[in-house]
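# Architecture at a glance
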Amino acid sequence: MSLYKTKAIVLKDYDLKEQDKIVIFYSLKYGKIRIVAKGGRKIKSKFAPAIQPPSYLNLLVYRYGRDDLDILSESWIVHPFLGIRRDLVRFAYSSYIAELVIKLSAEREASPALFYLILKILFLMEKIPKRDLPLLIRSFELKSLSILGYKPSLENCIYCGERVEEANISSFGVSEGGIICESCQKRHKRKLNISRETIKALKFLLYSNPEKSTKLRLEEKVQREVEKLLKDYLLYRIGDKMLTSSFIDNFKNLEEREG
Amino acid sequence: MYSVKSLNRLVGELSKLPGIGEKSAERIAFFILKERKENIFRLAEAIRELKERVKYCSICGNVTEEDPCKICQDGTRDRSIICVVEEPRDVFLFERVKRFKGVYHVLRGAISPIKGIGSEDINIRPLLERVKKGNVKEVILATDPNAEGETTAIYLFKLLSSLNVRITRLAHGLPAGGDLEFADELTLLEALEGRREMRF
Ligand SMILES: [Zn+2]
Ligand SMILES: [Zn+2]
C-alpha cells in the first residue's frame with residue numbers, strides 16, 4: 001500500500017454499495033482517476049461536503065495496487081465553485097465539461113496542461129456573464145482536443161498537406177479531422193460545409209487564451225457553424241452522444257421563461 | 001470448470017442487487033440451495049407480491065399498495081403543506097420523526113445532467129399540477145443536500161416561484177453533501193424545524 005497526494009477536480013460521483021461513493025476526479029498527478037469515498041453518502045461524512053462536482057480539492061489517497069480501487073483518505077476543499085453549483089445554467093455547462101473530460105481522456109494518464117485548462121475554465125465559468133459561456137465552452141473543446149492529441153488541422157489540407165489560404169478552404173472533414181482544400185474537396189466529392197469566417201473563428205478560439213475567446217463577437221450564423229462543426233467532430237471522436245448538452249438548453253429556457 | 005446452470009443463473013441475478021458482489025451472491029445462492037423449500041418459496045412469494053401489489057400513488061408518487069396512498073387519504077393531514085423528497089425511503093424517514101403533519105411528493109430521483117437524468121425523467125410534472133390546483137400554501141424542498149439534490153431544488157424553485165406559494169428548503173445545520181437517507185432522526189427534525197425561505 002502507498003499514499004499519494006494530488007490536486008484534483010471532482011467530475012462525477014455515483015453510489016457504490018451501502019454508504020460509499022465512487023468519485024471520478026481529474027487530478028494533476030494522475031489524470032482521470034476513480035476513487036472510493038467510504039461513507040461518502042452519509043450526511044455527516046467528512047468527505048460529503050468536498051466531493052460535490054465541480055469542486056477543486058487536495059486529496060490524500062491510499063493506493064493498494066493496479067487491480068484495486070484507490071481509497072480516499074483525506075480531502076481538503078481548495079475552491080467549492082459555489083457560484084457554479086448555485087446556478088442551473090452554469091452547473092449544466094460545468095457538467096458538460098466534466099462529461100467531455102470523462103469521455104475524452106484515458107484513465108491514469110496525467111496531463112497537467114489539461115488539468116490547468118479545466119481549472120481555468122471553471123474559474124471563468126463561475127464569474128463571466130452568461131452570454132459569454134458558449135464561447136468559453138468552444139474554447140475548451142478546441143483546446144482540450146488539442147491537448148489530448150486530436151487537434152484539428154486548420155492550416156494545412158488534411159489530404160494533400162498543402163498550406164491553404166483561408167479564402168480557398170471549402171470544407172472540414174469531421175472523420176479526417178481538418179480542413180480540405182478546394183481541389184481535394186472536388187476530387188473526394190466532399191460537401192462544402194464551412195465558411196471563411198468560421199475557419200477564422202476556430203483559429204482564434206484554438207490559439208487565444210480562454211478569457212480573450214469569450215470576448216470574441218461572432219455573427220449568429222458563424223457561432224452556430226462553429227458549434228455544429230465542433231459538435232460533429234466531438235461526436236466522431238467520442239463515438240457517443242453528449243448527455244449534458246440538452247440540459248444547457250433546458251435550463252436556459254427555464255431561466256428565460258422566469259425572466 | 002464445474003458449473004450448474006440454474007445456480008449460475010441465480011448468482012448472476014443476485015449479484016445485480018445493490019451491495020452484493022459475486023462472492024456474496026454465491027454465498028446466498030448456496031444458502032438458498034441448502035435451506036428448506038417452504039422458507040425459500042415464502043421469500044420468492046414475498047418478492048413476487050411486492051412487485052405485483054406495490055405501485056406508485058397517483059397523487060404523491062410514493063410507493064403504495066392502495067391508490068391513493070394512506071397518507072394522501074388521511075383526513076387529518078394538512079394538505080396545504082407538501083414536503084418534496086427524492087425517494088420513498090425519505091418518506092419513511094420523515095414519518096419516523098413524527099413531527100411532520102403535511103403531505104409528501106416523491107420525485108423518485110434527482111436531476112443530474114451528467115447522468116442524463118432530466119426533469120422529465122422524474123416525478124415533477126404532477127407536483128406542478130398539484131400546486132397549480134391551489135390550496136397549497138407551502139412547498140418544502142427536502143431533496144438531498146448534495147449537488148444533484150441542490151440542482152433539483154433550484155430547478156423546482158424556478159418552476160414554482162411564479163405560483164402563489166411559499167417555498168422553503170430544509171435547513172441543514174451541517175455542511176453540504178450526503179444523502180438524507182443517512183441522516184439520523186434528530187438531524188432531520190432540526191432540518192425540518194429550521195427550514196428557511198428559499199431565495200435566489
Ligand atoms: Zn488538398
Ligand atoms: Zn400518496
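Keep in mind that this is a model prediction, so the values were computed, not measured. (Residues numbered from 1 in each chain as written. Chains lettered and ligands numbered in written order. Predicted model: local features only at pLDDT ≥ 70, side-chain atom pairs only at ≥ 80, totals over all residues. Heavy atoms only, no water.)

### Concerning the overall build of chain A
When its secondary structure is counted, chain A shows nine helices and seven strands. Taking 18 Å as the expected radius of gyration for a compact globule of 259 residues, we find that chain A reaches 20 Å, a close match to that expectation. When its C-alpha atoms are laid out on the principal axes, chain A stretches across 65 × 50 × 30 Å. Buried residues in chain A amount to 54% of all 259 residues. Restricting to contacts in chain A with at least 6 residues of sequence separation, those with at least 24 account for 63%. Carbon and sulfur atoms make up 49% of the accessible area of chain A, which amounts to about 12,100 Å² in all. Computed over 47 positive and 33 negative side-chain charges, the inter-centroid distance for chain A is 2 Å. (Helix = DSSP H or I, 4+ residues; strand = E, 2+ residues; numbered from the N terminus. Rg over C-alpha atoms; globule rule 2.2 N^0.38 Å. Buried < 20%, exposed > 50% of the residue type's maximum accessible area, 1.4 Å probe, protein only. Contact = heavy atoms within 4.5 Å. Areas by Shrake-Rupley, 256 points an atom, 1.4 Å probe, with all protein chains shown as cover. Lys, Arg positive; Asp, Glu negative; His and termini not counted. Charge placed at Lys NZ, Arg CZ, Asp CG, Glu CD.)

### Notes on the interface of chain B and chain A
Contacts between the two partners involve 33 residues from chain B, matched on the other side by 34 residues from chain A. Overall, the association of chain B and chain A removes approximately 2,700 Å² of surface from exposure, summing both partners, and the carbon and sulfur fraction of that is 68%. Taken together, the connections running from chain B to chain A amount to one salt bridge. Here Lys-158 of chain B ties to Glu-255 of chain A by a salt bridge, and the two come within 3.8 Å at their closest N and O atoms. (Buried area = accessible area lost by both parts, 1.4 Å probe. Salt bridge = Lys/Arg side-chain N within 4 Å of Asp/Glu carboxyl O.)

### Remarks on the environment of Pro-113 of chain B
All names here are of chain B. Tracing the chain through its elements places Pro-113 in the loop between strand E4 (102-106) and helix H6 (125-132). The exposure class assigned to Pro-113 is buried, which follows from its relative accessible area of 1%. The spacing of Pro-113 and Glu-148 is 35 residues in sequence and 8.7 Å in space, taken between C-alpha atoms.

### Observations regarding the packing of helix H6 (residues 196-207) of chain A against helix H8 (residues 220-238) of chain A
Residues and elements named next belong to chain A. For the pair H6 and H8, interaxial distance at closest approach is 9 Å and the crossing angle is 65°. In this view, H6 runs roughly perpendicular relative to H8, as classed from their interaxial angle. Relative to H8, the crossing made by H6 is right-handed. Between H6, through Glu-197, Thr-198, Ala-201, Leu-202 and Leu-205, and H8, the contact on the second element is made entirely by Val-222, Glu-225, Val-226, Leu-229 and Leu-230. (Axes fitted to C-alpha atoms, helices over the stretch in contact; angles between N-to-C directions. Parallel < 35°, antiparallel > 145°, perpendicular 65-115°, else oblique. Left-handed = near helix turned anticlockwise from the far one by under 90°.)

### Comments concerning the coordination of the zinc ion (ligand 1)
For a metal with four tetrahedral donors the ideal donor-metal-donor angle is 109.5 degrees, whereas six octahedral donors ideally subtend 90 or 180 degrees. Residues and elements named next belong to chain A. Protein coordination at the zinc ion (ligand 1) comes from Cys-157 (SG), Cys-160 (SG), Cys-181 (SG) and Cys-184 (SG), with a distance range of 2.3 Å. Seen from the zinc ion (ligand 1), its four donor atoms lie at angles of 102 to 114°, and the figure they make is tetrahedral. Here the donor residues of the zinc ion (ligand 1) share one chain and are spaced in sequence as C-x2-C-x20-C-x2-C. (Donors = N, O, S within 2.8 Å, 3.2 Å for Na, K, Ca; no water. Tetrahedral: all angles 85-135°; square planar, octahedral: opposite > 155°, others 65-115°.)

### A word on the sheet that holds strand E3 (residues 78-85) of chain B
Residue and element names in this part refer to chain B. Strand order in the open sheet formed by five strands is E4-E3-E5-E6-E7, and the pairing between neighbours is mixed. Of all the strands in the sheet, the pair left with one neighbour each is E4 and strand E7 (196-197). Pairing geometry for strand E6 (residues 166-169) and E7, over two bridges, is antiparallel. Note that in E7 the partner of Arg-169 across the bridge is Arg-196. (Pairing = 2+ DSSP bridges.)

### A short note on the pattern of salt bridges
What the rule picks out here adds up to 34 salt bridges over all chains. Between Glu-197 of chain B and Arg-166 of chain B there is a salt bridge, and its shortest N-O distance comes to 2.8 Å. Linking Glu-197 of chain B in strand E7 with Arg-166 of chain B in strand E6, this pair joins segments that are 31 residues apart in sequence. In the salt-bridge network here, residues are joined through shared partners; they are Asp-87, Arg-90, Lys-130 and Glu-255 of chain A together with Lys-158 of chain B.

### With respect to the domain arrangement of chain A
By domain assignment, chain A separates into domain 1 (2-80) and domain 2 (131-258). Taking only C-alpha atoms, the centre of domain 1 of chain A and the centre of domain 2 of chain A are 34 Å apart. (Domains from an automatic or database assignment.)

### Details of a nonpolar patch on the surface
Nonpolar side chains collect at one region of the surface, where Tyr-56, Val-63 and Phe-92 of chain B lie side by side and expose about 310 Å² of accessible area between them. The class of Tyr-56 of chain B is partly exposed, set by a relative accessible area of 47%. (Patch = residues over 30% accessible without salt bridge, like charges linked within 9 Å, V, L, I, M, F, W, Y side chains within 5 Å.)

### Considering the coordination of the zinc ion (ligand 2)
Residue and element names in this part refer to chain B. Of the protein atoms, only Cys-57 (SG), Cys-60 (SG), Cys-69 (SG) and Cys-72 (SG) coordinate the zinc ion (ligand 2), at distances of 2.3 Å. Taken together, the four donor atoms coordinating the zinc ion (ligand 2) span angles of 105 to 116° at the metal, a pattern that classifies the geometry as tetrahedral. Accessibility expressed as a relative area gives 4% for Cys-57, which makes it buried.

### Quick word on the domain arrangement of chain B
Splitting chain B by domain gives domain 1 (5-53) and domain 2 (77-197). Using only C-alpha atoms to locate each centre, domain 1 of chain B and domain 2 of chain B end up separated by 34 Å.

### Overview of the packing of aromatic side chains
Residues and elements named next belong to chain A. Tallied over the full model, the rule gives 10 aromatic pairs over all chains. Each ring, one from Phe-115 and one from Tyr-116, has its centre 5.2 Å from the other, and the planes form 85°; the classification is edge-to-face. Taken together, the ring pairs in this structure connect Tyr-56, Phe-115 and Tyr-116 into an aromatic cluster. Lying across the ring of Trp-76, Lys-5 places its NZ or CZ 5.5 Å from the centre. Over the face of the ring belonging to Tyr-30 we find Arg-108, whose NZ or CZ atom lies 5.1 Å from the ring centre. (Phe/Tyr/Trp six-rings, centres within 6.5 Å; stacked < 30°, edge-to-face > 60°. Lys NZ or Arg CZ within 6 Å of the ring centre and 35° of its normal.)

### Some thoughts on the sheet that holds strand E2 (residues 21-27) of chain A
Through backbone hydrogen bonds, the strands of a sheet pair up, either in parallel or in antiparallel fashion. Residues and elements named next belong to chain A. On the basis of which strands lie adjacent, the closed barrel formed by five strands has the order E1-E2-E3-E5-E4 and mixed pairing. When strand polarity is set aside, the average angle formed by the axes of neighbouring strands in this sheet is 50°. With seven bridges connecting them, E2 and strand E3 (residues 31-37) associate as antiparallel partners. The residue bridging Val-23 from the neighbouring strand is Ile-35, located in E3. Where helix H2 (residues 88-104) meets the sheet, its contacts fall on strand E1 (2-15), E2 and E3, and the angle it forms with E1 comes to roughly 115°.

### Notes on H6 of chain B
In an α-helix, one full turn covers 3.6 residues, which means residues spaced three or four apart are oriented alike. Residues and elements named next belong to chain B. Every buried residue of H6 is accounted for by Leu-127, Leu-128, Arg-130 and Val-131. Relative to the axis of H6, the buried residues are bounded by an arc of 160° and lie together on one face. Residues of H6 that are exposed and angled more than 90 degrees away from the buried face: Arg-125 and Lys-132. In this structure, the buried residues of H6 make contact with E3, E4, strand E5 (138-141) and helix H7 (147-160). Just beyond H6, the residue with positive phi is Gly-134, at close to 90°. (Arc of directions from axis to C-beta.)

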